[in-house]
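Here is how the chains run, residue by residue.
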Amino acid sequence: MFHIRSRVSGTIILYAIFSLSSLMLISEGIEHIVGDSSGWELFTNYTNWIQGREFHVGDVLVFNYKSDQHNVMHVNSTAYTDCGTDNYTSLFTKGNDSIIISEVGKLWFICGVDDHCENGQKLSINVAP
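Residues numbered from 1 in each chain as written. Predicted model: local features only at pLDDT ≥ 70, side-chain atom pairs only at ≥ 80, totals over all residues. Heavy atoms only, no water.

The name given to the protein chain in an unreviewed UniProt entry is Mavicyanin-like, and the organism recorded there is Camelina sativa.

See below:
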């Protein structure tokens, strides 16, 4: 009897490991290079850039930019609309920032340098369930 339970337990453990591995592969997100080859730059139309793209939890937004000229601020809807830089959720300044999408709903990003946001350096995405 002991050997049968041992085999059953071993089989269950192996099944659990393979199931978890499969889930990890499925949940791996898509990498979105913001602005494609232009990157995170002034005068890029990010509204056009998001057309035809779907964003999901687990996807990664990659912001490529010159760190001495730009930054990325994760903001709320009011700061996005007003280009307000005083109230942000997160600030990224490395120039090659990868942000993993972790929630469903709207997300807003702006450049907080000078008048860059006012000149269109802002991104709003809708993350699907």
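Caption draft 1: Focus on the pairing of strand β4 (residues 72–75). Residues of β4 alternate between two faces, with Val72 and His74 on one and Met73 and Val75 on the opposite face, all of them buried. Sheet analysis places β4 next to strand β5 (residues 88–92), joined by four bridges and oriented antiparallel. Opposite Val72, over in β5, you have Phe92 as the bridge partner. Across three bridges, β4 lies against strand β7 (residues 105–110) in antiparallel orientation. Within β7, the position partnered with Val75 by the bridge is Trp108. (Buried < 20%, exposed > 50% of the residue type's maximum accessible area, 1.4 Å probe, protein only. Helix = DSSP H or I, 4+ residues; strand = E, 2+ residues; numbered from the N terminus. Pairing = 2+ DSSP bridges.)

Caption draft 2: Examining the sheet that holds strand β6 (residues 96–100) more closely. On the basis of which strands lie adjacent, the open sheet formed by three strands has the order β1-β3-β6 and mixed pairing. Sheet topology places β1 (31–33) and β6 at the edges, where each strand pairs with a single neighbour. This sheet shows a mean twist of 20 degrees between the axes of neighbouring strands, independent of strand direction. Looking at chain direction, β1 and strand β3 (residues 60–64) are connected through three bridges and run parallel. For Ile33, the partnering residue across the bridge sits in β3 and is Val62. (Axes fitted to C-alpha atoms, helices over the stretch in contact; angles between N-to-C directions.)

Caption draft 3: Spatial organisation of the sheet that holds strand β8 (residues 122–128). Taken in spatial order, the five strands of this open sheet run β2-β8-β7-β4-β5, and their pairing is mixed. Each edge of the open sheet carries a strand with a single partner, namely β2 (55–56) and β5.

Caption draft 4: View of the state of the cysteines. Inspection of every chain in the model, using the stated rule, returns one disulfide. Distance from the sulfur of Cys111, which forms no disulfide, to the nearest cysteine sulfur (Cys117) is 8.2 Å. (Disulfide = S-S within 2.5 Å.)

Caption draft 5: Here's a closer look at the environment of Ser90. Tracing the chain through its elements places Ser90 in strand β5. For Ser90, a relative accessible area of 25% puts it in the partly exposed group. Distance in space between the C-alpha atoms of Ser90 and Val75 is 7.3 Å, their sequence separation being 15 residues. In contact with Ser90, other than residues within four places in its own chain, are Val72, Met73 and His74. (Contact = heavy atoms within 4.5 Å.)

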